[in-house]
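Each chain, written out:
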Amino acid sequence: MPGELRIDFKNLDRSEAVEADIKRYADKLDEFCNRIIGCNVVVERPHAHHRNGRLYQVRIDLTLPGHELVVNRHSDQAHQHEDVHVAVRDSFSAMRRQVEDAIRKDHGHVKTHAEPARARVNQIFPLEDYGFLITPDGREVYFHRNAVLNGGFEKIDVGSEVEFAETTGDRGPQASTVRVVKP
């Protein structure tokens, strides 16, 4: 690893086998992402707990350009973390996921959610359980009572402003979810 790797042990003796594991996992991270500036790993064996046994805790602080990532595995329920090697492996797996997320963010490959479209209720046919919305650009969009969230079909009136998700139905544009916008 070209960046600095620091390994500390708390409440347990330094172990060459654990250090070798940490160096191997850090090298794999560096092969995956060669922009790592530094990595600090703390392996701790807290005092014994009556119910949980003595579970190892692993904290990894990793620095990338523009990112400071932290994994802090407090393994209160993960009894497999009674084995320090498993605790280290799981912590590095979690750190790899964070590094992947940071890379996706840097490359602009982060999922974004489109703002819901807005419209006004143009026509409503309560006995037939449907209505039509009119969008700001003048398009008419069909909606059914089941598309109105929170059972709000009875509460909407002509002129009510709504947000909706549009799909294409058998007969044209259709609102799959309709939510009344509070004034």
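Scroll up to find the structure this text is about.
Our subject in this report is the structure included herewith. (Residues numbered from 1 in each chain as written. Predicted model: local features only at pLDDT ≥ 70, side-chain atom pairs only at ≥ 80, totals over all residues. Heavy atoms only, no water.)

1. Topic: the environment of Pro65
Line of reasoning, step 1. Along the chain, Pro65 turns up in the loop between strand 3 (57-64) and strand 4 (67-73).
Line of reasoning, step 2. A relative accessible area of 39% places Pro65 in the partly exposed class.
Line of reasoning, step 3. Sequence-wise, Pro65 and Ile36 are 29 residues apart; in three dimensions their C-alpha atoms are separated by 7.6 Å.
Line of reasoning, step 4. When sequence neighbours within four positions are dropped, the list of residues in contact with Pro65 reads Arg35 and Ile37. (Helix = DSSP H or I, 4+ residues; strand = E, 2+ residues; numbered from the N terminus. Buried < 20%, exposed > 50% of the residue type's maximum accessible area, 1.4 Å probe, protein only. Contact = heavy atoms within 4.5 Å.)

2. Examining the nonpolar core
Line of reasoning, step 1. Residues Val43, Leu62, Val88, Phe92 and Val99 are the most contacted members of the largest nonpolar core, which totals 28 residues.
Line of reasoning, step 2. Contributing elements (two or more residues each) for this core: strand 1 (4-10), helix 1 (16-32), strand 2 (38-44), strand 3, strand 4 and helix 2 (84-106).
Line of reasoning, step 3. Per-element accounting of this core gives the leading share, nine residues, to helix 2.
Line of reasoning, step 4. Contacts of Val43, omitting those with residues within four sequence positions, involve Asp8, Phe9, Lys10, Leu12, Val18, Ile22, Tyr56, Gln57, Val84 and Val88.
Line of reasoning, step 5. Judged by nonpolar contacts, the second largest core, of 13 residues, contains Phe143, Ile156, Val162 and Phe164. (Core = buried A, V, L, I, M, F, W, Y, C linked by side-chain atoms within 4.5 Å.)

3. Considerations on the packing of aromatic side chains
A ring pair, where both rings are aromatic, is described by two values, the distance of the centres and the angle of the planes.
Line of reasoning, step 1. Applying the stated criterion across every chain, the model contains six aromatic pairs.
Line of reasoning, step 2. Judged by centre distance (5.8 Å) and plane angle (90°), the rings of Tyr130 and Phe132 are edge-to-face.
Line of reasoning, step 3. With a centroid separation of 5.7 Å and an interplanar angle of 35°, the aromatic rings of Tyr130 and Tyr142 are classed as tilted. In this pair, Tyr130 sits in strand 6 (residues 130-134) while Tyr142 sits in strand 7 (residues 140-144), placing the two residues 12 residues apart along the sequence.
Line of reasoning, step 4. In this structure Tyr130 comes out as partly exposed when scored by relative accessible area, which is 24%.
Line of reasoning, step 5. The rings of Phe125, Tyr130, Phe132 and Tyr142 are connected pair by pair, giving a single aromatic cluster.
Line of reasoning, step 6. Here Arg96 stacks its cationic end above the ring of Phe32, 3.9 Å away from the centre of that ring. (Phe/Tyr/Trp six-rings, centres within 6.5 Å; stacked < 30°, edge-to-face > 60°. Lys NZ or Arg CZ within 6 Å of the ring centre and 35° of its normal.)

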